Amino acid sequence: MKKLMLGNEAIARGAYEAGVRVATAYPGTPSTEITEFAAQYDEIYAEWSPNEKVALEVAIGASFAGARAMVAMKHVGLNVAADPLFTVSYTGVNAGLVIVVADDPGMHSSQNEQDSRYYARAAQVPMLEPSDSQEALDFVKLAFDLSEEYDTPVLIRLTTRVAHSQSIVALGQRADVPLKEYRKLPEKNVMMPAMARKRHGEVERRMKALAQAANDLWINRIEMGDTSIGIIASGIAYQYAKEALPNASFLKLGMVNPLPRKLVESFARKVEKLYVIEELEPVLEEQIKSWGIAAIGKEIFPVQGELSANMIAERIAGKALDVRPAQDLPPRPPVMCPGCPHRGIYYVMQKLRLHATGDIGCYTLGALPPLKAIDTCVCMGASVGMAHGMEKARGRDFSSKLVAVIGDSTFIHSGITGLIDVVYNQGASTVVILDNSTTGMTGHQDHPGTGRTIKGDLVPPLNLINLIKAIGIRHVRVVDPFELEEVEKVLKEETQREEPSVVIAQRPCALLSKESKIPVSISEDACRLCGVCLRLGCPAIEKKPGGMYINQTLCNGCGLCVKVCKFGALRRAGE
Amino acid sequence: MGVGGQGTLLASRVLGRLFVDLGYDVKISEVHGMAQRGGSVVTHVRYGTKVFSPLVEPGTADILLAFEKMEALRWIHFLKPQGRAIINSQEIEPMSVIMGEYEYPKDLEDRIRRACAGAVFFDALAVAEELGNAKVANMVLIGVLARLLNTAPEAWEKAINAVVPPKTVEINLEAFHRGYNSELS
Ligand code: SF4
Ligand code: SF4
């Protein structure tokens, strides 16, 4: 059967066909859908783990126990999971273990554009890179075979344009892969120095064997065409290059670590001019050049952002299209939705002129005007530790005007450890947890606090208040972010307190409720054009030449603007 | 292209399904992972005997289907010289306009026509609202597209059937037909 499939869905399908029994992940664009699709197969146990490190550890456990296991994450998630990655490289596997990592060149939805191929090299783990959905499916199956044959975890690297593009795939059957026997193997699975030294030797041998085998692996293939131009590429860069220069000769690499040296050398000999085309860092190029092969790569291609067929045609063949984008258009970045629960808190924080260390989630958008509510965004969980660091650097006066702002899912991911630090090291930070009952940014995934699993099972929700009290915080207050006066009072009190405190702002994400809300209306006579409502940054409130205007298709009827208007110009229906 | 929340993705999936049914190789590039509403959203649909890149690049598109007027102008340079444009005449102000940093351009239709003389403007939102669901404006536009391409509606109906949520098939088909049977200027 043939089907149009998203790259991420094809990864899940490949896992299904490879007989995978356990799939884990923490959501992160552009990798999220992999595990959502995997969870739809009854044969696969799937879970949202609290963070990527735990997700990988669960998958390692499953592999050791004899079940094929897959874990998925975005590129920055691999930083979190790097600790187990580097050592599972030493232990190897029992049943196959595949780690899917989705990079985001161009940063469509990320805080950096790191290149995960460096992890494959640093941890000495093989890495495959598919260039469309069919390959995504096929490569996952191959990855499991390689994993078991070479006793190694295998990384699969996606980029946004592969993960989030649909193309046609042919579906196969699920392989019948029985559980492997579980054996206690301390010399292989207990990595203390004496054993790890031996295992490191195994890693070196394995990578040499793989590098040798890569020369004959079917996913590394030469497509000879016009020999005046030879191109080495993998992943989406291969597709762009094929589009731009369909007649050139190609060495298409399906495995990007380790590289097939003999194959590269023989290809280089066959072509007059050799180009290495890759997005982000010159990972392939530097290795190829280190073998004394002349090639052109980052001399003409950027290390930043995405490549494109047009760019390749222009830089290699000198064919430039004359295109002129419209100038001076108002930009349209994403904004927090109408009715977003975060807006209430941010409005009050702005009013109190609080500084805030921020975190990763929808609420990061509150950094933009008009709210300009947060000062920083570094990584998952950073807000808490950073607020503590600011206090230690500048003293209590400064920190009494400072809060850390973090979402519920992010807090569970890695904010909790920062908070333990605050308690232990006698900080007085105030942490505001924006609890919208979901992982909003990535499209509403469940997490331990929502009381539902990825499979839809109902479980007792993690009790944030008990958790926070248990680590030694005595002052935990729960507020509704739309009760502006209450929020103001609580924030003032807690930031003044000479000990750490947590404010949980509870209100579900506006997109969770399916009921249609009645939009607010405005009375033009009463409106004095003061502009206070505009400070909310609600996309449904527009300023027209004649006065304020509520966009009726956008307004969610949340009523926040009604509360901030001092002249009663805004009204909810029926009030 | 359109603005987050307008159903751009669903429309491109209908097109993808249609071309697969017609026996073509198809690639669609989507934008995901910004749950929040209001950002500029663009999807690319490419079909042919063999498709390599999933991306439509500047100067190469045959057709531009825009759900919002200013977004149409933002992406109009993606069209080939003889490319065609179908544009929903809806205007949605971005935050930069709401905050008064920018003005929503007034001469959009002229500027679009200068780049694409035959651009078709159509008030799909009004039709969708008549049908009682602003969300189906996307299928109204798909109907206009089907008409403009001089294609019979059956294959499109089949694709819509296969792609939209089962509960909404009826209203989506109705929206499609309203677009398909409309008078185009
Ligand atoms: S998705 Fe939910 S949490 Fe995110 S901006 Fe929209 S309303 Fe707010
Ligand atoms: S009620 Fe006011 S603040 Fe809430 S969505 Fe509507 S316009 Fe925006």
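All figures in this text were calculated on a predicted structure; none of them were measured in a lab.

Structural notes on the overall build of chain A
If you tally the helices and strands in chain A, you get 21 helices and 22 strands. For chain A, whose C-alpha radius of gyration is 27 Å, the value lies close to the compact-globule estimate of 25 Å for 575 residues. Nonlocal contacts in chain A, meaning residues at least 24 apart in sequence, comprise 75% of its contacts between residues at least 6 apart. In the form shown here, chain A has an accessible surface area of approximately 23,000 Å², with 52% of it arising from carbon and sulfur atoms. Computed over 64 positive and 66 negative side-chain charges, the separation of the two mean positions in chain A equals 2 Å.

Observations regarding the overall build of chain B
For chain B, the helix and strand inventory stands at eight helices and seven strands. Relative to the 2.2 N^0.38 estimate, which gives 16 Å for 185 residues, the radius of gyration of chain B is 16 Å and therefore close to what a compact globule would have. With the C-alpha coordinates aligned to their principal axes, the bounding extent of chain B is approximately 45 × 40 × 35 Å. Burial analysis of chain B (185 residues in total) assigns 58% to the buried set. In chain B, of all internal contacts separated by at least 6 residues, the share reaching a separation of at least 24 is 59%. As displayed, chain B has an accessible area near 7,900 Å², and 50% of this comes from carbon and sulfur atoms. Charged side chains in chain B number 19 positive and 22 negative. The centres of these two groups are separated by 6 Å.

A look at the site of ligand 1
Among the eleven residues in the neighbourhood of ligand 1, the closest are listed as Cys337, Cys340, Cys362, Asn436 and Cys509 of chain A. Around ligand 1 the close residues trace back to chains A and B. Partitioning the shell around ligand 1 into residue classes produces seven nonpolar, four polar and no charged.

Some words on helix H14 (residues 309-317) of chain A
Residues and elements named next belong to chain A. Taken residue by residue, H14 has Ala309, Met311, Ile312, Ala313 and Ile316 as its buried positions. Buried-residue contacts for H14 involve strand S10 (226-234), helix H11 (235-244) and strand S13 (273-277). Glycine 318 occupies a position one or two residues after H14 and carries a positive phi of about 70 degrees.

With respect to the site of ligand 2
Lining the immediate surroundings of ligand 2 are Pro338, Gly339, Val520, Cys538, Ala540, Ile541, Cys555, Asn556, Gly557, Cys558, Gly559 and Cys561 of chain A. Taken together, the residues of the shell around ligand 2 sort by class into eight nonpolar, four polar and no charged.

So, the layout of surface pockets
Residues and elements named next belong to chain B. Here the second largest pocket is characterised by a volume of approximately 780 Å³. Along the wall of the second largest pocket there are 35 residues; nearest its centre are Val45, Arg46, Val56, Asp62 and Ile63. Elements with a minimum of two residues in the lining of the second largest pocket: helix H1 (8-21), strand S4 (44-48), strand S5 (61-66) and helix H7 (153-163). The element contributing the most residues to the lining of the second largest pocket is H1, with six residues.

Describing the domain arrangement of chain A
Residue and element names in this part refer to chain A. In terms of domain boundaries, chain A breaks down into domain 1 (2-214), domain 2 (221-317), domain 3 (342-506) and domain 4 (520-572). Computed over C-alpha atoms, the centres of domain 1 and domain 2 are 25 Å apart. Listed as interface residues are 30 residues of domain 1 and, on the opposing side, 28 residues of domain 2. In total, domain 1 and domain 2 occlude about 2,300 Å² of area from one another, counting both sides; carbon and sulfur atoms represent 54% of this.

What about the packing of H1 of chain B against H7 of chain B?
A pair of packed helices can be characterised by two numbers: the angle between their axes and the separation between those axes. Residues and elements named next belong to chain B. Where H1 contacts H7, the axes come no closer than 8 Å and their chain directions differ by 125 degrees. Accordingly, the angle class assigned to the pair H1 and H7 is oblique. Judged by the sense of rotation from one axis to the other, the crossing of H1 with H7 is right-handed. For the pair H1 and H7, the contacting residues are Leu10, Arg13, Val14, Leu15, Arg17, Leu18 and Asp21 in the first and Ala155, Trp156, Lys158, Ala159, Ile160, Ala162 and Val163 in the second. Considered class by class, the residues forming the contact of H1 with H7 number ten nonpolar, no polar and four charged.

Side note on the pairing of strand S15 (residues 402-407) of chain A
All names here are of chain A. Burial of S15 is extensive: six of the six residues sit out of reach of the surface. On S15, burial covers both faces: Leu402, Ala404 and Ile406 on one face and Val403, Val405 and Gly407 on the other are all buried. In this sheet, S15 lies alongside strand S14 (residues 355-357) in parallel orientation, the contact comprising three bridges. The residue bridging threonine 357 from the neighbouring strand is alanine 404, located in S15.

A closer look at the pattern of salt bridges
Residue and element names in this part refer to chain A. Overall, the coordinates contain 49 salt bridges over all chains when judged by the stated rule. Residue arginine 13 pairs with glutamate 17 through a salt bridge whose shortest N-O separation is 2.8 Å. A residue pair is termed a helical-turn pair when its members lie 3 or 4 positions apart in one helix, as arginine 13 and glutamate 17 do in helix H1 (residues 7-17) at four residues. Taking the relative accessible area as the measure of exposure, arginine 13 reaches 12% and is therefore buried. One salt bridge connects glutamate 493 with arginine 477, and the closest N-O pair in it is separated by 2.8 Å. Here the residue glutamate 493 occupies a position in helix H20 (residues 484-496), and arginine 477 occupies one in strand S17 (residues 475-479), the gap between them amounting to 16 residues. The class for glutamate 493 is partly exposed, based on a relative accessible area of 33%. Through salt bridges with shared partners, one network takes in Asp103, Asp115, Arg117, Glu129, Arg157 and Glu278.

Examining the sheet that holds S5 of chain B
Residue and element names in this part refer to chain B. Spatial ordering of the open sheet is given by S5-S6-S7, a layout of three strands whose pairing is parallel. The open sheet has two edge strands with one neighbour each: S5 and strand S7 (120-122). Here the average twist between neighbouring strands, direction ignored, is 15 degrees. On top of the sheet, helix H6 (residues 137-148) reaches S5, strand S6 (79-88) and S7; it is set at about 140 degrees to S6, its chief contact.

Considering the packing of aromatic side chains
The tally for this structure, following the rule as stated, stands at ten aromatic pairs over all chains. With a centroid separation of 6.3 Å and 75 degrees between ring planes, the pair formed by phenylalanine 86 of chain A and tyrosine 119 of chain A is classed as edge-to-face. Here the residue phenylalanine 86 of chain A occupies a position in helix H5 (residues 82-91), and tyrosine 119 of chain A occupies one in helix H6 (residues 117-123), the gap between them amounting to 33 residues. Tyrosine 119 of chain A sits in the buried class, given a relative accessible area of 18%. When the centroid spacing of 6.3 Å and the interplanar angle of 80 degrees are considered together, the rings of phenylalanine 19 of chain B and tyrosine 24 of chain B count as edge-to-face.

What to know about the sheet that holds strand S4 (residues 69-74) of chain A
Residue and element names in this part refer to chain A. Strand order in the open sheet formed by seven strands is S3-S2-S4-S5-S7-S6-S12, and the pairing between neighbours is mixed. Strands at the two margins of the open sheet, each flanked by one partner only, are strand S3 (45-48) and strand S12 (255-257). Here strand S6 (residues 127-128) pairs with S12 via two bridges, running antiparallel. Considered in S12, the bridge of leucine 128 is made with methionine 255.

Brief notes about the packing of H5 of chain A against helix H10 (residues 193-214) of chain A
Residues and elements named next belong to chain A. At a minimum axis distance of 7 Å, the contact between H5 and H10 shows a crossing angle of 80 degrees. As the angle between them shows, H5 and H10 are arranged roughly perpendicular. Within the contact between the two elements, H5 uses Ser89, Tyr90 and Thr91 and H10 uses Ala196, Arg199, His200, Val203 and Arg206. Residue composition of the contact of H5 with H10, by class: three nonpolar, three polar and two charged.

Some details on the side chain of aspartate 25 of chain B
Following the sequence through the fold, aspartate 25 of chain B ends up in strand S2 (residues 25-29). Within the buried set, aspartate 25 of chain B has no salt-bridge partner at all; the shortest N-O distance to an opposite charge, 4.2 Å, is to lysine 50 of chain B. Polar contacts involving the side chain of aspartate 25 of chain B include one to the main-chain amide nitrogen of valine 51 of chain B, which spans 2.8 Å. In contact with aspartate 25 of chain B, not counting residues within four places along its chain, are Ile168 of chain A together with Arg46, Tyr47, Gly48, Thr49, Lys50 and Val51 of chain B.

Rules used in this analysis
Residues numbered from 1 in each chain as written. Chains lettered and ligands numbered in written order. Predicted model: local features only at pLDDT ≥ 70, side-chain atom pairs only at ≥ 80, totals over all residues. Heavy atoms only, no water. Helix = DSSP H or I, 4+ residues; strand = E, 2+ residues; numbered from the N terminus. Rg over C-alpha atoms; globule rule 2.2 N^0.38 Å. Contact = heavy atoms within 4.5 Å. Areas by Shrake-Rupley, 256 points an atom, 1.4 Å probe, with all protein chains shown as cover. Lys, Arg positive; Asp, Glu negative; His and termini not counted. Charge placed at Lys NZ, Arg CZ, Asp CG, Glu CD. Buried < 20%, exposed > 50% of the residue type's maximum accessible area, 1.4 Å probe, protein only. Near = heavy atom within 4 Å. Nonpolar A, V, L, I, M, F, W, Y, C, P; charged D, E, K, R; others polar. 1 Å grid on protein atoms, 1.4 Å probe; cavity = no way out; pocket = protein on both sides within 12 Å on 5 of 7 lines; lining within 4 Å. Points joined across faces, edges and corners; volume = space filled by probe spheres on them. Domains from an automatic or database assignment. Buried area = accessible area lost by both parts, 1.4 Å probe. Axes fitted to C-alpha atoms, helices over the stretch in contact; angles between N-to-C directions. Parallel < 35°, antiparallel > 145°, perpendicular 65-115°, else oblique. Left-handed = near helix turned anticlockwise from the far one by under 90°. Pairing = 2+ DSSP bridges. Salt bridge = Lys/Arg side-chain N within 4 Å of Asp/Glu carboxyl O. Phe/Tyr/Trp six-rings, centres within 6.5 Å; stacked < 30°, edge-to-face > 60°. Polar contact = N/O pair within 3.5 Å; in protein donor to acceptor, adjacent residues only side chain to side chain.

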